[in-house]
Amino acid sequence: MGIGMRIGINGTGQLSSLDGIIDAASRAEADGFDSFWIAQIFGVDALTALALTGRQGLRSELGTAGVPTYPRHPMMLASQALTVQQATHDRLCLGIGLSHQIVVEHMWGYSWEKPVRHMREYLAILMPALRGEAVDAAGETLTFRGQVTVAQASPPPVLVAALGPLMLREAGATADGTVTWMTGPATLEGYIVPTINEAAQAAGRPAPRVAAALPVCVTDDPAAAREKAAADFLVYGFLPRYRAMLDREGAEGPADVAIVGSANEVSDRIRALGAAGVTDFIATEFGSRADRESTREVLRSLL
């Protein structure tokens with residue numbers, strides 16, 4: 001029985017191979033999932049990959065979770081996103097985010113000063129540019145005067161990877177929602193969902209999408225699966241933005257928010273996210289091959 005919440009598959013583990021991404025997206029669609037998502041990390045370019053994936057005739061939503069904003073001027077991202085829209089017949093969901101201070105400053109050499117200001121100025125250009133409007137925006141760090149025109153392309157929904165209260169309010173007031181990672185159910189229900197919903201309502205905007213991505217493993221050995229989650233997702237327990245969400249949840253590390261257990265246990269925990277106000281669940285399947293197949297079966301049962 002369906003749960004009234006869109007279910008998607010996170011294919012980020014395929015980022016070293018364009019063919020792997022296309023194959024994973026094709027399987028996700030064949031299995032009936034509503035969406036397929038990849039991140040922009042240090043592999044295949046996510047938007048280019050989704051443009052090519054969409055040209056295969058797929059009809060499910062294709063999402064980025066997400067594209068870091070600092071390396072791409074918002075006008076350039078608008079142009080690229082609308083091109084993907086044209087290529088995929090308007091199947092893109094554009095998830096964007098700040099990335100992390102250690103990446104922005106130490107790997108890219110940009111300033112991390114006032115990240116909320118950066119996102120506010122970014123959205124002030126990106127959102128109207130995606131709508132094909134003439135933009136005249138001059139911020140402290142970002143400026144654009146001009147217009148982006150891509151024929152036969154509608155503006156995609158924009159989800160901001162927002163975790164802090166100021167970022168959540170900005171996402172609710174300006175964008176179409178948020179996409180989270182390593183954020184547990186209590187934090188989603190008691191903090192993420194009400195904060196962004198209140199901001200959207202105050203701005204007179206439609207109810208925002210709340211897309212929540214979490215690791216999932218259906219298994220008969222939950223202790224071993226949690227050990228694997230602790231190892232596979234170790235870095236997310238140290239990155240400050242995710243660490244703050246884990247602390248808010250009362251979780252020691254990523255293994256504590258991973259959805260692990262029997263088919264019934266996993267199904268119940270995912271259903272609870274929908275009841276908490278999550279509109280889109282993005283499953284990051286992990287574990288042994290047998291565990292992954294069991295996980296996929298349970299996820300399909302929720303569609």
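Residues numbered from 1 in each chain as written. Predicted model: local features only at pLDDT ≥ 70, side-chain atom pairs only at ≥ 80, totals over all residues. Heavy atoms only, no water.

### Regarding the packing of helix α3 (residues 74–88) against helix α5 (residues 115–130)
Line of reasoning, step 1. Packing of α3 against α5 leaves a shortest axis separation of 9 Å and a crossing angle of 35°. Our pair here, α3 against α5, has a crossing hand that is right-handed. In contact with P74, M75, L77, A78, A81 and L82 of α3, α5 contributes Y122, I125, L126, A129 and L130.
Line of reasoning, step 2. Considered class by class, the residues forming the contact of α3 with α5 number eleven nonpolar, no polar and no charged. (Axes fitted to C-alpha atoms, helices over the stretch in contact; angles between N-to-C directions. Helix = DSSP H or I, 4+ residues; strand = E, 2+ residues; numbered from the N terminus. Left-handed = near helix turned anticlockwise from the far one by under 90°. Contact = heavy atoms within 4.5 Å. Nonpolar A, V, L, I, M, F, W, Y, C, P; charged D, E, K, R; others polar.)

### Re the nonpolar core
Line of reasoning, step 1. Counting 100 residues, the largest nonpolar core has L94, I96, L126, I270 and F281 as the members making the most contacts within it.
Line of reasoning, step 2. Dropping the residues within four chain positions of it, L94 is found in contact with L47, T64, L77, A81, L126, L130, P156, P157, V158 and L159. (Core = buried A, V, L, I, M, F, W, Y, C linked by side-chain atoms within 4.5 Å. Buried < 20%, exposed > 50% of the residue type's maximum accessible area, 1.4 Å probe, protein only.)

### A word on the packing of α5 against helix α6 (residues 165–174)
Line of reasoning, step 1. The interhelical angle for the contact between α5 and α6, taken along N-to-C directions, is 10°, at an axis separation of 10 Å. Taken together, the axis directions place α5 and α6 in an arrangement best described as roughly parallel. Contact residues: V116, M119, R120, L123 and M127 in α5; L166, M167, E170 and T174 in α6.
Line of reasoning, step 2. Looking at the contact of α5 with α6 residue by residue, the class counts come to six nonpolar, one polar and two charged. (Parallel < 35°, antiparallel > 145°, perpendicular 65-115°, else oblique.)

None of the figures reported here should be taken as evidence of function without further support.
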